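Architecture at a glance
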Amino acid sequence: MLDPNGIIHHPLVFHLGPLEITGFGVAVALAFAISQIIAQREIARRGHDPEPILDLILAAVIGTVIGGKIYYAILTGDAGSLLSRAGLVFWGGFIGAVVTSALVIRWKRLSFPRIADVAGIAIAAGYAVGRTGCWAVGDDYGRPWNSPFAVQFPQGAPPSTALNMNLAFGIDIPPGTSPDAVLAVHPTQLYETGMGFIMFMILWRLRDHKHAEGWLFGVYCVLAGIERFIVEFFRAKDDRFFGALTTAQLIAMGVFAVGVAVMYFRRDVGPGRPGIYATAAGTA
């Protein structure tokens, strides 16, 4: 609904008997399902066996939860968050998923560059869908914003009150503002959903590239680094330990640099660097 101070958000929660279903849970489940479908179809289109993708998705789910939780616990200094429902931070989940997937790839004796080349497309699609879950529950929102398109989160996680903005995120609030006032903020969850979809479209457009396997994952890393670096300027964050930059932005810069390196070293097909399509000598 529209309000003079922006749009008022209400979380998406429904019940199936005693079971509580949140929009976040639905979005995460859909994100992994869509990632699996895209990865399986794309790797099959290239002439390779799609069967291992399901195992890799399961490994990515485990890695996402473990990595996201560990990252959040380190960032907040709260070891108890490891056992809570909160704290699935993207960069931690991304790193955890890469590690667990790499272990499965090694165990199954698969090609990491081959899997990574299709994984970038799948991750971008899953990211766009998964971020709708953050919108559904009202977390990961932005800084205060005076606009008709700004959003109030009275039932957010946490609510976007003046008190929370100041205590949880270190944002200065104008004198005289009631601590209980619900402030309108940037809907950064929707920004990330939109940018995630743009990333997916770019990667999908480049899926027939003529470079060596793995090159497209480098493109994903470049795009993901740019996307996160930009959106962090609008996010309500309490981890700006490096001047105006957040911890996530420093990681984004590192991911961007890794992406550039991968694109450079996988730019040409050659010995040990096969192209993306299966050949008689390179279908393993």
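Cut-offs used in this document
Residues numbered from 1 in each chain as written. Predicted model: local features only at pLDDT ≥ 70, side-chain atom pairs only at ≥ 80, totals over all residues. Heavy atoms only, no water. Helix = DSSP H or I, 4+ residues; strand = E, 2+ residues; numbered from the N terminus. Rg over C-alpha atoms; globule rule 2.2 N^0.38 Å. Buried < 20%, exposed > 50% of the residue type's maximum accessible area, 1.4 Å probe, protein only. Contact = heavy atoms within 4.5 Å. Areas by Shrake-Rupley, 256 points an atom, 1.4 Å probe, with all protein chains shown as cover. Lys, Arg positive; Asp, Glu negative; His and termini not counted. Charge placed at Lys NZ, Arg CZ, Asp CG, Glu CD. Expected span 1.5 Å × (residues − 1). Bend = angle between axes of the 7 residues up to and from the residue. Polar contact = N/O pair within 3.5 Å; in protein donor to acceptor, adjacent residues only side chain to side chain. Patch = residues over 30% accessible without salt bridge, like charges linked within 9 Å, V, L, I, M, F, W, Y side chains within 5 Å. Salt bridge = Lys/Arg side-chain N within 4 Å of Asp/Glu carboxyl O. Phe/Tyr/Trp six-rings, centres within 6.5 Å; stacked < 30°, edge-to-face > 60°. Lys NZ or Arg CZ within 6 Å of the ring centre and 35° of its normal. Pairing = 2+ DSSP bridges. Axes fitted to C-alpha atoms, helices over the stretch in contact; angles between N-to-C directions. Parallel < 35°, antiparallel > 145°, perpendicular 65-115°, else oblique. Left-handed = near helix turned anticlockwise from the far one by under 90°. Nonpolar A, V, L, I, M, F, W, Y, C, P; charged D, E, K, R; others polar.

Details of the overall build of the protein chain
Within the protein chain one finds 8 helices and 6 strands. Secondary structure elements in the protein chain, listed N-terminal to C-terminal, are β-β-β-β-α-α-α-α-β-α-β-α-α-α. Relative to its length of 284 residues, the protein chain is compact, with a C-alpha radius of gyration of 20 Å against a globular reference of 19 Å. For the protein chain, the spread of C-alpha atoms along the principal axes amounts to about 70 × 45 × 35 Å. Across the 284 residues in the protein chain, those meeting the buried criterion constitute 43%. Considering only contacts within the protein chain whose residues lie at least 6 apart along the sequence, 69% involve residues at least 24 apart. On the protein chain, roughly 14400 Å² of surface is accessible, and the fraction owed to carbon and sulfur atoms is 70%. Of the charged side chains in the protein chain, 21 are positive and 20 negative, and the gap between their average positions amounts to 10 Å.

Points about helix α8 (residues 247–265)
Every α-helical turn comprises 3.6 residues, leaving residues that sit three or four positions apart pointing alike. Look at α8: 27 Å from first C-alpha to last across 19 residues, which is about the 27 Å you get at 1.5 Å a residue. Every buried residue of α8 is accounted for by Thr247, Ala248, Gln249, Ala252, Val255 and Gly259.

Comments concerning helix α4 (residues 112–137)
Here α4 spans 35 Å end to end across 26 residues, near enough to the 38 Å set by a 1.5 Å rise per residue. Taking the largest bend as the criterion, α4 deviates by roughly 35°, centred on Ala119. By the N-cap criterion, in which a side-chain oxygen at the helix start approaches the backbone nitrogen of a residue two or three places on, α4 is capped by Ser111, the distance to Arg114 being 3.2 Å. Gly138 lies just past α4 and shows a positive phi near 80°.

Focus on a nonpolar patch on the surface
Residues Leu12, Phe14, Leu16, Leu19, Val26 and Leu30 make up a contiguous nonpolar surface patch of roughly 530 Å² in combined accessible area. Put simply, the parts of the chain that give the nonpolar patch at least two residues each are β3 (13–16) and α1 (23–45). By the element assignment, Leu12 lies in the loop between β2 (6–8) and β3. Residue class for Leu12 comes out partly exposed when judged on its relative accessible area of 46%.

Re the packing of aromatic side chains
Under the criterion given, the structure shown has 14 aromatic pairs. Judged by centre distance (5.8 Å) and plane angle (70°), the ring pair of Trp91 and Phe94 falls under edge-to-face. Here Phe94 and Trp91 lie together in helix α3 (residues 90–107), a separation of 3 residues that amounts to about one turn. Here Trp91 matches Phe94 in class, with each residue buried. The ring of Trp204 has Arg207 sitting right over it, with the charged end atom 4.0 Å from the ring centre.

Overview of the pattern of salt bridges
Scanning the model with the defined rule gives 15 salt bridges in all. Linking Glu42 and Arg207 is a salt bridge whose minimum nitrogen-to-oxygen distance equals 3.8 Å. Remark: Arg207 occurs in the loop between α6 (188–205) and α7 (215–231) and Glu42 occurs in helix α1; sequence separation between them is 165 residues. Summarising the burial analysis for this pair, Glu42 and Arg207 share the class buried. Connected through salt bridges with shared partners, the residues Arg131, Asp140, Glu192, Arg228, Glu232, Arg235 and Lys237 form a single ionic network.

Remarks on the pairing of β3
Relative to strand β4 (residues 19–22), β3 runs antiparallel, the two sharing 4 bridges. Across the sheet, the residue bridging to His15 is Glu20, located in β4.

Considerations on the packing of α4 against α6
Two elements in contact, α4 and α6, have axes whose closest approach is 8 Å; the angle formed by their N-to-C orientations is 165°. Comparing their axes, α6 and α4 come out roughly antiparallel. The two elements α4 and α6 cross, and the hand of that crossing is left-handed. Every residue of α6 that contacts α4 at Gly120, Ile121, Ala124, Ala125, Tyr127, Ala128, Arg131, Thr132, Cys134 and Trp135 is listed here: Gln189, Leu190, Glu192, Thr193, Gly196, Phe197, Met199, Phe200, Leu203 and Trp204. Of the residues in the contact of α4 with α6, the class split is 13 nonpolar, 5 polar and 2 charged.

Quick look at unusual backbone geometry
Look at the link from Ala157 to Pro158: it is a cis peptide, with omega at 0°. Structurally, Pro158 is set in the loop between β5 (151–152) and α5 (162–167). A positive phi is found at Arg109, a non-glycine position, where the angle reads about 60°. With relative accessibility at 78%, the residue Arg109 sits in the exposed group. Positive phi, normally seen in glycine, also occurs at Asp140, with a value near 55°.

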